[in-house]
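These are the residues of each chain, in order.
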Amino acid sequence: MRKPLIAGNWKLHNTVQQSEQLARDVIEQIGQTEEIEIVIAPVFTALAAVNTICKNSNIQLAAQNCHCIDSGAYTGEVSAPLLADVGCSHVIIGHSERRQYFGETNQFINAKTKAVINTDLTAIICVGETLEQRESGELFDVIASQVKSALADITATQMAQVVLAYEPIWAIGTGKTASSEDAEEVHAYIRGILYGLYGASIADKCRILYGGSVKPNNISELMAEDDIDGALVGGASLSADDFAAIVRYKKTLKISPQ
Ligand code: PEP
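As a starting point, this report considers the structure included with it. (Residues numbered from 1 in each chain as written. Predicted model: local features only at pLDDT ≥ 70, side-chain atom pairs only at ≥ 80, totals over all residues. Heavy atoms only, no water.)

### Some details on the packing of helix 7 (residues 139–150) against helix 8 (residues 180–198)
- Between helix 7 and helix 8, whose axes approach to 10 Å, the crossing angle comes to 45°. Overall, the two elements helix 7 and helix 8 adopt an arrangement that is oblique. The two elements helix 7 and helix 8 meet at a crossing, and its hand is right-handed. Contact with helix 7, carried on its side by Leu139, Phe140, Ile143, Ala144, Val147 and Lys148, involves Glu185, Val186, Tyr189, Ile190, Ile193 and Leu197 of helix 8 and no other residues of that element.
- The class makeup of the residues in the contact of helix 7 with helix 8 is ten nonpolar, no polar and two charged. (Axes fitted to C-alpha atoms, helices over the stretch in contact; angles between N-to-C directions. Helix = DSSP H or I, 4+ residues; strand = E, 2+ residues; numbered from the N terminus. Parallel < 35°, antiparallel > 145°, perpendicular 65-115°, else oblique. Left-handed = near helix turned anticlockwise from the far one by under 90°. Contact = heavy atoms within 4.5 Å. Nonpolar A, V, L, I, M, F, W, Y, C, P; charged D, E, K, R; others polar.)

Here is the structure:
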């Protein structure tokens, strides 16, 4: 059984004070549950402050990116060990906005994944196709190439520190969600790649999140699919009410107050 994981990507939003308030609201709204893993990813400058707020909750902290080298003359970069130092347990790697606006290649994403794993953190690796790629029939080739390159030289043991996120680029921040069937088709395909690379026991354990306009009204349907193990949520994670409603997608979820 894979434990569902719901991650909120706050992107480039919120001051330290606003991030602290949102974290407090999320903790209060969600309460305590053992059944779902919950991760939030504020901006770099708010990580330490939000870590202090999340310390006595079961909410874990992620960074939205990191550099592939631990330290040195890399002005403006932040490394995985420095993220661990401020309390991060996860790092989002290869988000489509990083690929699109900052020219991140599959090779660079693989190097970052290794840096995250070598720091004993968990990498949430994002993959996804553009609308043009989907419409021209390249979807599966693009996904296979992104998944295989990101995981190059990652061992079966290290896969315990990997979560994959399928995020069709045309669905991010657009209000368009892939239908649960379309999403499941790609998730099952990704799991098939993992079977080929690592065998059944690793492939069956690896969580594959869906991302792309996930909201309280579509999460249940997505989570009902066999290979969708959680969500990477952008816009809706900026509202504590919406994020909490997404986390509480399962009517039977046991939640106790914080
Ligand atoms: C994201 O940022 O990863 C994302 C999926 O955004 P949104 O939920 O706003 O589409």
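### Thoughts on the site of the ligand
- Near the ligand lie 14 residues; those nearest to it are Lys11, Glu167, Gly173, Ser213 and Gly235.
- Gly173 is positioned with one of its backbone polar atoms (N or O) 2.6 Å from an oxygen atom of the ligand.
- One of the backbone N or O atoms of Gly235 is found 2.8 Å from an oxygen atom in the ligand.
- Computed on the free molecule, the ligand has an accessible area of 290 Å², of which 98% lies beneath the protein chains in the complex.
- Per-class residue counts for the shell around the ligand are four nonpolar, eight polar and two charged. (Near = heavy atom within 4 Å. Polar contact = N/O pair within 3.5 Å; in protein donor to acceptor, adjacent residues only side chain to side chain. Areas by Shrake-Rupley, 256 points an atom, 1.4 Å probe, with all protein chains shown as cover.)

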